[in-house]
Each structure stands twice: as structure tokens, then as C-alpha cells.
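Geometric and topological summary
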Amino acid sequence: MNAKKTSALEALINAYNNPGVIKDQGDYGDWPVFGCITDHVPIELIYAADILPVRLQGGDIASKASQHLQSFVCSYAKVTTHRAMGGEYGFLDGVLGAKTCNVAVSVFQLWDSERPLKFSWLVSLPGNSDSAAIEYFENELLAIKAKLESFRNTKISENKIADSISLYNAIRETAATLWVKKSEGGLNLTAQELIMALKGSQLLPPEISLNLLKRLAGETKVHKNLDKRVRIILLGNDYADAALADTVEQAGGFI
């Protein structure tokens, strides 16, 4: 691994292992940081308000969650609750969730009641995509925008929203490029490293994340004998233990 790629990879994995590192970013030292419990939070709108959104991560320890959640809920909900109740996310100024399932709502409500922050919002999602649903969600976004403007005591311009959308779309496109390169054997990263890097990118300011991910995408080295390995696709929105991917590839799979 050459020095350029190692530097980018190490920075992303360091963020993955240390979520609070976002408070150490010099150019954003006075920006509030909001935690996002689900993928359905409008991070582009948050960033347009000069607030840093971070995706709350899973993990392995969830002992404090048993006092608040049923034993059968998903590991992500348990770990997020454990970290919230244990004060590990003490660097956050706000938290947002979405009504994706009953457990996600419960996690948000627990956080809001037991660890109240300066800002909180539970995003109400439409159940379908017809014109009435689109109008409903537009009104929801406008309500979030108004509360963000009140919190920051400033207006969020259309230009800032457009710039934020473009920035996050560039991050998504670069993440997709990384997986395509890996699938084609043109990226010298294991699946574990790539998952950790992408999860780490969710914990840094987006401009920094985009720069680091582009540097990763620019480093290529062909894998050998890919045609002899079993190709496996992982589905889901959270992998608490990135080592699972390494186990699969060590056993001859190719994610």
C-alpha cells in the first residue's frame, strides 16, 4: 500500500473508530454537529444550514440498551441506544431520526427524553410516492428547514441547498465508483477496509470525505484470480462488524 492511499485510508478508518474526531476539524470548529439515526434524514438540508451531519454507527457493545429496548430488536438500535445512554455521543448538538419502523421511533424517543439535545426532529415519511405523498413530504422538509433556520438564526438559501445536494451526490457517486472498481478487480482494498472507509466518511465534513474517497478511487491495483472466487453481495444499510466482510473474503468469497 503506497503512502498516498495509506494516508487517505488511515484518515477514514480513524474517523470510523473515533466518531468524535469531527469536532477536531479546524475549519468547522464552531459548527454544530447533528447525529442522524437513520438513512432517511435530509443531510443536504442540515449541511446547508452550516451544521455537520454524522451517521450514527453500529458496534459490538450494547449492554445499556437492555434497560430500554426489547431483546429482539436489531443490533444497530441496541448499540445506538447503548452509546447514547453511555454518553459516547456527548459531542452532538442535535439528533434526527425518521419514522422508518417502530424501533427507530423508540430509539429517537429514548434519546430525546433521556439525553435531550439543543435540537431534535423525527422526520415523518410518506407511505408511497404519488402526488399527495410528494406534497406531504415537501411540507415536512419545509418545516425542518424552518426549524433549522430558527436554530441557526439565519436563512438557508436555495443556492446553498443546491451546492449541498451536489456535494453529497458527488460523495455517493464516488462511493459507487469504489465498489465498481473493487468488483472489477481494480481496487487494492479488502471489503472490510472499504466498508470501514465508507462508514468513516459518514463521520467527517463532506468536503474532507469527498477528497479522501477520491484519493482512494485513484489508487488501482489488479486483483488476481477473481474468476475463481465466489461473488457475494451484502444487502442492508448497516454492518456493525466490518470484520464479517473480511471473514467472507478470507474464506474465498469476493464481496
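It should be emphasised that the depicted structure is a prediction, and the values quoted were computed from it without experimental measurement. (Residues numbered from 1 in each chain as written. Predicted model: local features only at pLDDT ≥ 70, side-chain atom pairs only at ≥ 80, totals over all residues. Heavy atoms only, no water.)

A look at the packing of helix H7 (residues 191–201) against helix H9 (residues 243–250)
- In contact at an axis separation of 7 Å, H7 and H9 are set at 160° when each is read in the N-to-C sense. Here H7 lies roughly antiparallel to H9, going by the angle between them. In the packing of H7 onto H9, the handedness of the crossing is right-handed. In contact with Ala 191, Gln 192 and Ile 195 of H7, H9 contributes Ala 243, Ala 245, Asp 246 and Glu 249.
- Of the residues assigned to the contact of H7 with H9, the class counts are four nonpolar, one polar and two charged. (Axes fitted to C-alpha atoms, helices over the stretch in contact; angles between N-to-C directions. Helix = DSSP H or I, 4+ residues; strand = E, 2+ residues; numbered from the N terminus. Parallel < 35°, antiparallel > 145°, perpendicular 65-115°, else oblique. Left-handed = near helix turned anticlockwise from the far one by under 90°. Contact = heavy atoms within 4.5 Å. Nonpolar A, V, L, I, M, F, W, Y, C, P; charged D, E, K, R; others polar.)

A word on H9
- If you check which residues of H9 are buried, you get Ala 245, Val 248 and Glu 249. Angular distribution of buried residues about the axis of H9 spans 95°; they occupy a single face of the element. Projecting away from the buried face of H9 at angles above 90 degrees are the exposed residues Thr 247 and Gln 250.
- For H9, the secondary structure elements touched by its buried residues are helix H6 (158–183), H7 and strand S6 (253–254). (Buried < 20%, exposed > 50% of the residue type's maximum accessible area, 1.4 Å probe, protein only. Arc of directions from axis to C-beta.)

Notes on H7
- Most of H7 sits out of view: ten of its eleven residues are buried.
- Listed in full, the buried residues belonging to H7 are Ala 191, Glu 193, Leu 194, Ile 195, Met 196, Ala 197, Leu 198, Lys 199, Gly 200 and Ser 201.

Topic: the side chain of Glu 140
- With respect to the helices and strands, the residue Glu 140 is situated in helix H5 (residues 131–152).
- Lys 99 provides the closest opposite charge to the buried, unpaired Glu 140, separated from it by 7.0 Å.
- For Glu 140, the side chain forms a polar contact with the side chain of Trp 121, separated by 2.9 Å.
- Side-chain polar atoms of Glu 140 contact the backbone nitrogen of Ser 124, separated by 3.0 Å. (Lys, Arg positive; Asp, Glu negative; His and termini not counted. Salt bridge = Lys/Arg side-chain N within 4 Å of Asp/Glu carboxyl O. Polar contact = N/O pair within 3.5 Å; in protein donor to acceptor, adjacent residues only side chain to side chain.)

What to know about the pattern of salt bridges
- Counted under the stated rule, the structure contains seven salt bridges.
- Note that Glu 149 and Lys 155 form a salt bridge whose closest N and O atoms lie 3.8 Å from each other.

Considering the pairing of strand S2 (residues 52–55)
- Residues of S2 alternate between two faces, with Leu 52 and Val 54 on one and Pro 53 and Arg 55 on the opposite face, all of them buried.
- The sheet contact formed by strand S1 (residues 33–36) and S2 spans four bridges and is parallel. For Phe 34, the partnering residue across the bridge sits in S2 and is Pro 53.
- Each parallel crossover has a hand, and for S1 linked through helix H2 (residues 43–48) to S2 it is right-handed. (Pairing = 2+ DSSP bridges. Right-handed = clockwise from strand over helix to strand, strands pointing away.)

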